[in-house]
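Read off the chains here:
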Amino acid sequence: MAAPTTPAEIGGIGHSVQRKEDARLIEGQGNFLDDIDLPDTLHMAILRSPLAHARINGIDSSAATAIDGVLAVVTGDLMDQHGLAWMPTLSGDTQAVLATDKVRYQGQEVAAVIATDPYIATDALEHIVVDYEELPPITTPQQSLEEGAALIRDEKEGQTDNLAYTWETGDQGATEEAFAQADRVVTLETHYPRSHPAPLETCGIVADVNSVTGQATIYMTSQAPHAHRTLFAMVAGLPEQNIRIVSPDIGGGFGNKVPIYPGYVVATAASLLIGQPVKWVESRTENLISTGFARDYYMKGELAVTDEGRILGLRVDMLSDQGAFYSDAQPTQFRAGLFHVVTGSYDFPAAHINCKGAFTNKAPGGVAYRCSFRITEASYLIERLVQTAAYEVGIDPAEMRLKNFIQPEQFPYETATGFVYDSGDYPTALRTAMNEVGYEDLRREQAEARAEGRLIGIGIAHFTEAVGAGPSRTYDIAGLKMIDSAELRVHPTGKAILKLGVKTQGQGHETTFAQIVAEVLGIPANDIKVEHGDTDHTPYGLGTYASRSTPVGGAATAVVARKLAEKSKKIAAHLLEAADEDIELASGVFSVAGSPDRSVTIQDVALAAYTNLPEGMEYGLEDVTYYDPPNLTYPYGSYIVVVEVDPDTGVWEVQRMVALDDCGVRINPMIVEGQICGGLTEGFAMSAMQWITFDDDGNCIGANFMDYLVPTAWETPRFELLATEVPSPHHPIGAKGVGESATVGSPAAFVNAVIDAVAHLGVRNIDMPVLPDRVWAAIDAAV
Amino acid sequence: MFPSRFDLVVAQSVGEAVEAKADAGEGGRFLAGGQSLIPMMKMRVAFPETLIDINRIAGLDAIEQSNGHLQVGALVRHADVVASDATFGAIAAAAPWVADPLVRNRGTMCGSVAHCDPEGDWNSVLLATGADVVAQGPNGERSISIADFVDGAFTSTLGEDELVVGLRIPVPSGRSGGSYLKLERKVGDYATVAVASHLELDDSGAISAAGLALTSVNPINTKVADAEALLVGQQPSEDLFAEAAELAAAAAEPRDDVRGTAAWKRQVVRTYTKRGLAAAAQQAEGS
Ligand SMILES: Cc1cc2nc3c(=O)[nH]c(=O)nc-3n(C[C@H](O)[C@H](O)[C@H](O)COP(=O)(O)OP(=O)(O)OC[C@H]3O[C@@H](n4cnc5c(N)ncnc54)[C@H](O)[C@@H]3O)c2cc1C
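Residues numbered from 1 in each chain as written. Chains lettered and ligands numbered in written order. Predicted model: local features only at pLDDT ≥ 70, side-chain atom pairs only at ≥ 80, totals over all residues.

1. Some words on the domain arrangement of chain B
All names here are of chain B. When its domains are assigned, chain B resolves into domain 1 (7–53), domain 2 (63–170) and domain 3 (175–285). In this complex, domain 2 contributes 22 residues to the contact, which on the side of domain 3 involves 26 residues. Of all elements in the fold, only helix 4 (89–94), helix 7 (122–129) and strand 8 (150–152) reach the threshold of two or more residues within the side of domain 2 that touches domain 3. Ranked by the residues each element gives to the side of domain 2 that touches domain 3, the list is headed by helix 7, at six residues. (Domains from an automatic or database assignment. Contact = placed C-beta atoms within 7 Å. Helix = DSSP H or I, 4+ residues; strand = E, 2+ residues; numbered from the N terminus.)

The structure is reproduced here in structure tokens:
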């Protein structure tokens, strides 16, 4: 790890500066959505469908409307009168705001009550009578695509089946050739089950439309306030200058707060019609059953390999369960996100990826839960597949990887599906992790344990992510290019305010981004206020998800700080009566080359920017940058998990978890480690317990925290963290982004470890979550 | 999540509580720790019209041994049971496995017994150790043996107008041991499968009394009487416990659900019975 270049008081890159936001949040002085309490606020509650699939023959809201304190009951018909019964999704589909014709999943929004308090609103829901005519529910994509399956999207013109999309990439011919040359073809079929980001704070909105000015101030739990403002303008037809979105402190997003939900639209419409603020905060159950889920990919992967374990090609068939509407938040060009990064960390020439998605009677969403657009699924598949291949070929899974890794000298490396990986040293990463865990000794212990009837497993995952979307030539969401911005203003006393287009949800931006400025200008990180989330007061950007804040917003911050450094040098030259090109800047001190005692500080320069300028220079010290990244960044890591499985019950326990991450330059190592620990916990969660499933009637199982299992510190294993640091060559400060690495990389390591414990019995797959009954059944079937 | 409307009566004595319950009629419900009732109200699966809060009643919070019994008052929290040194065997083993630390700080052992959730832990433990539920109604106090008290899922033989004021659990006089093995998916989860074991040994080391009960694998907490009968009079051994485990597995009628298949749950009953009895025997032998 490179040593910091600034002293601790300045706290530039490489310092584990304490998180500036923590004191406020820990001491109860944060300002979350539900803390916002405007005068005359009305409260909204949503009536949701109890059925997964039914025709609505009528809604009688008269009894609910008659209740004292109820101002309005909003139905789909009322929304329709304003052209708002349906809204576009981020994947080019349309989605019901309030159901007019059918309900298509359990939990779908049917009506909304606006009342003077939330108790009355909730009580009134029980008095709305909906006449449902039940239709057969479809709960799997396989069922959905069967001949004769009930048509879920019968309202969609030209839609004659339940297919949501198809998409393919790669070179089919070259891949077929590779398979023809292979000694063997290794196949793995596996399901990455439906999961839910389950942020601790649920989604919510306070919509405040001024009936006189038409000004709409919309407080909402948004990971992407600027994009949401534009989409609101386009969907609701409100003039964009009249829309101000304020995303306050956010209690976790993880992708769940990227979409625009029906509740937001209804609350805004209600405020517009009634002329009072309308507040809606989801319950936990509403959040879990109706908002953006993640994953639900059925994947079949095939590797063409030689007897020596060399990979020649990859073929993938993927079927996704989209729920009732195709509303993945993803770049326009790609129908299955960046799933085609599925070639992973390996050097082989040919791949062909075939994707299709189906509508089912389940909640829509398809958000990237702590993952850059479906990369989690991709990484899981290739890492499981490579391990399967190792067993089939008969070589050690670590050796299999080392044999096929892209080598350090091959970067920049273009993959078979067109990504250009920026940098990395995969063999060093894996070997370092193997040394730490004591890989060779563990293999010996495993063999000894087996002889005693004990089952120990060692699982590896070496993932490569593609994050930081992205270059404008390739990446847009709903037409909006995925650039991002930073605006930096240095005040006369040398204190600064940095305004960002991205929006933190707990990642520590208020600290990390201040450190980037501190690094460049030498203003102490604690003297820099970071502002974000309010569209009237920050420059445009696409928001925080897909690990893009540091790669894109962080780059913008470095660039804008450098612009100010250039201007500052000119001011310093003026103050020191030296030539511009002789001024050197280090840790906030401008000195003249060759005579270091002649110097001024950044604080002196800041004051001069408003008081004492060189001839012809404009006053002030501020600028803005919109950054269009030249490429994605490609963080990676090597994870090794050791488990012991109880052969009598299938219960498994993690004994060791060693996680090496390389995310390029680490701005704040402590925050990076925090992100990794959180991500590893979520990876463990998905491998072990955390999933949303449905019964045959389409009832969601996982509708509260008794059924949707989010692990606590008690279940979560201890993590041993390691790092290497290969900078990104194209990022201004060499950083790659790390928010999602561990969630992406770790599930395969946990699952591989359990499989490894029973692989000698012939077991090759157990679907996530790896529940003890599944493990026991696999053992039982094998022996 | 917002419950529907209810009235609240804060009782200051057992007499007041019982009277308030009689006044409230069918819509009345006692509120103890609220760790089952409040979530049910928030999810709107319970709609009591009147809550009778018993938390302010003095004298119900003791857990102590007297007259050869462990006496547990109605306001003894799960956490008090964890902390108590008056407990023994399966009771002591089970306490830290009930719910999570937050729930244990408020939820009561008696409330859990009264609630009769078939996935609740305490009724299995008490079926294994034996216990009397002490109930008070308008006409005074009566004792109901736990086996008679537990009637079905969420139903007991407690009268509509009776309050559970305490539990009386016999303390074994000789060598004894107990265990509670619980398979849960995460901390705070109800049991997927749990097995309560209780053994008492005579001077020869033979089993003089045995209790075995299962959680979450039947419509109610289930005492495995045939296994208990098999164990009594025998010397503890691996084979004996394996035989008892088969009876326990046969007594379980689990269902396939999101927690796992029935076949697997039965296998866990078998394994945990073997291990649980062995642990109980080991504790008894060392006592
Ligand atoms: C997150 C969570 C996890 C849990 N996990 C477990 C677990 O693993 N194992 C487990 O066993 N339990 C678990 N529980 C339930 C917990 O043990 C409850 O505390 C217990 O079931 C009820 O006790 P209480 O005092 O909270 O009763 P309350 O919720 O106040 O009452 C429950 C019912 O019993 C009645 N009642 C209460 N006291 C009396 C009385 N003295 N006389 C007559 N009727 C009475 C009430 O009227 C009500 O109908 C969990 C609860 C939660 C919220």
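2. Notes on the interface of chain A and chain B
Often, the extent of an interface is quoted as the loss of accessible area upon association of its parts. Contacts between the two partners involve 22 residues from chain A and, on the opposite side, 14 residues from chain B. Within the residue set of the side of chain A that touches chain B, elements represented by two or more residues are helix 4 (118–125) and helix 19 (772–782) of chain A. Among the residues making up the side of chain A that touches chain B, the classes are represented as twelve nonpolar, six polar and four charged. (Nonpolar A, V, L, I, M, F, W, Y, C, P; charged D, E, K, R; others polar.)

3. Some words on the sheet that holds strand 2 (residues 54–60) of chain A
Residue and element names in this part refer to chain A. Pairing is antiparallel across the open sheet formed by three strands, whose spatial order is 6-2-8. Taken across any chain shown, the strands that pair with only one partner, and hence form the sheet edges, are strand 6 (102–103) and strand 8 (129–134). Sheet topology note: the strand 2/strand 8 ladder contains six bridges and is antiparallel. When the bridges of strand 8 are listed, Arg 55 appears paired with Glu 133. (Pairing = 2+ DSSP bridges.)

4. Description of the site of the ligand
Residue and element names in this part refer to chain B. Taken together, 29 residues are adjacent to the ligand, and Ala 32, Gly 33, Ala 99, Gly 107 and Gly 111 come closest. At five residues, the largest contribution of residues to the shell around the ligand is made by helix 6 (residues 109–115). In the shell around the ligand, the residues fall into 15 nonpolar, eleven polar and three charged. Both domains that furnish three or more residues to the shell around the ligand are identified here as domain 1 (7–53) and domain 2 (63–170). (Near = placed C-beta within 6 Å.)

5. A few points about the sheet that holds strand 35 (residues 720–723) of chain A
Residue and element names in this part refer to chain A. Spatially, four strands are ordered 21-31-32-35 in an open sheet, and the strand pairing comes out mixed. What marks the edges here is a single partner per strand, and that holds for strand 21 (455–464) and strand 35. With strand direction ignored, the average angle separating the axes of adjacent strands in the sheet is 15 degrees. Helix 12 (residues 426–437) rests against strand 21, strand 31 (636–645), strand 32 (652–662) and strand 35 of the sheet, and its axis sits at about 30 degrees to strand 31. (Axes fitted to C-alpha atoms, helices over the stretch in contact; angles between N-to-C directions.)

6. Topic: the nonpolar core
Core analysis: the largest hydrophobic core is formed by 335 residues, its most contacted members being Met 44, Leu 98, Val 113, Val 517 and Val 754 of chain A together with Ala 248 of chain B. Leaving out residues up to four positions away in the same chain, Val 754 of chain A has contacts with Gly 457, Val 643, Val 645, Trp 652, Ile 766, Val 770 and Val 775 of chain A. (Core = buried A, V, L, I, M, F, W, Y, C linked by C-beta atoms within 7 Å. Buried ≥ 20, exposed ≤ 12 C-beta atoms within 10 Å, placed from the backbone.)

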